[in-house]
Structures are given as C-alpha cells and as structure tokens.
Amino acid sequence: MWDLEHEARRRAAVAAGASADAVPAPKVVGGYPSTPGFDERAHLEAVIAHGAPPISILRRILLGDA
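The following paragraphs examine the structure supplied in this document. Owing to the predicted nature of the structure, the values given are computational and were not obtained by experimental measurement. (Residues numbered from 1 in each chain as written. Predicted model: local features only at pLDDT ≥ 70, side-chain atom pairs only at ≥ 80, totals over all residues. Heavy atoms only, no water.)

**Considering the nonpolar core**
Grouped together as the largest cluster of nonpolar side chains are seven residues: Leu4, Ala8, Ala12, Phe38, Val47, Leu58 and Leu63. The set of elements that each furnish at least two residues to this core consists of α1 (2-15) and α3 (55-63). Considering every element that reaches this core, the biggest residue donor is α1, with three residues. Residues within four places of Ala12 in sequence aside, it is in contact with Pro36, Gly37 and Phe38. (Core = buried A, V, L, I, M, F, W, Y, C linked by side-chain atoms within 4.5 Å. Buried < 20%, exposed > 50% of the residue type's maximum accessible area, 1.4 Å probe, protein only. Helix = DSSP H or I, 4+ residues; strand = E, 2+ residues; numbered from the N terminus. Contact = heavy atoms within 4.5 Å.)

Listed below in structure tokens is the structure:
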C-alpha cells in the first residue's frame, strides 16, 4: 500500500510540473510531508471507494499499471 501511495505521489508531482524527485522521503512509514500536486484526501477516498480488492488490482484501478 505504501508503494502505491509513493507511486501516486510521484505521478502527481510530475503532472504538477515538478520532478519525480520532488516526492519527499516519508518521516515514518506512510508519513509523507507535502508533495506537489498530490491530494492525500482524494487519494485515500479513491482507495476506499473500491472496497477491499487485492493491492495488485487496486494498483491497476488507480494507476492503470499492469
């Protein structure tokens, strides 16, 4: 799940015109500081909107990855 959030943050930063390196390292697991273009609430709502599919399926739904 943390890898999914990190990738979502990386893509949001790039879409906002920042580099992928703009994603700060988490202070603790899952404790990220602010990331350019990333809306944490929207991300969490998107995650829970799909119920409880396996992470691999949720990754495909949210990020379009295979």
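From this point, things continue past the structure.
**As for α1**
Along its 14 residues, α1 runs 20 Å from first to last C-alpha, staying within 8% of the 20 Å computed at 1.5 Å per residue. Within α1 the residues assigned to the buried category are Leu4, Glu5, Glu7, Ala8, Arg9, Ala12 and Ala13. Summarising the contacts, the buried residues of α1 are in contact with α2 (40-48) and α3. Phi turns positive one or two residues past the end of α1, at Gly17, with a value near 95°. (Expected span 1.5 Å × (residues − 1).)

**Points about the environment of Pro26**
Looking at where Pro26 falls in the secondary structure, it is placed in the loop between α1 and α2. C-alpha separation for the pair Pro26 and Trp2, spaced 24 residues apart in sequence, amounts to 9.9 Å. Setting aside chain neighbours within four positions, we find Pro26 in contact with Gly31, Tyr32 and Pro33.

**Quick look at the pattern of salt bridges**
Counted according to the given criterion, the structure contains five salt bridges. Note that Glu7 is salt-bridged to Arg11, the shortest N-O span being 2.8 Å. Placement of the pair is Glu7 and Arg11 together in helix α1, with a separation of four residues, close to one helical turn. In this structure Arg11 comes out as partly exposed when scored by relative accessible area, which is 31%. A salt bridge links Glu45 to Arg41, with the shortest nitrogen-to-oxygen separation between them at 2.8 Å. Of this pair, Glu45 and Arg41 both sit in helix α2, four residues apart, roughly one helical turn. For Glu45, a relative accessible area of 40% corresponds to the partly exposed category. One connected set of salt bridges, linked through shared partners, spans Glu5, Arg9 and Glu40. (Salt bridge = Lys/Arg side-chain N within 4 Å of Asp/Glu carboxyl O.)

Distances and angles like these do not, on their own, reveal function.
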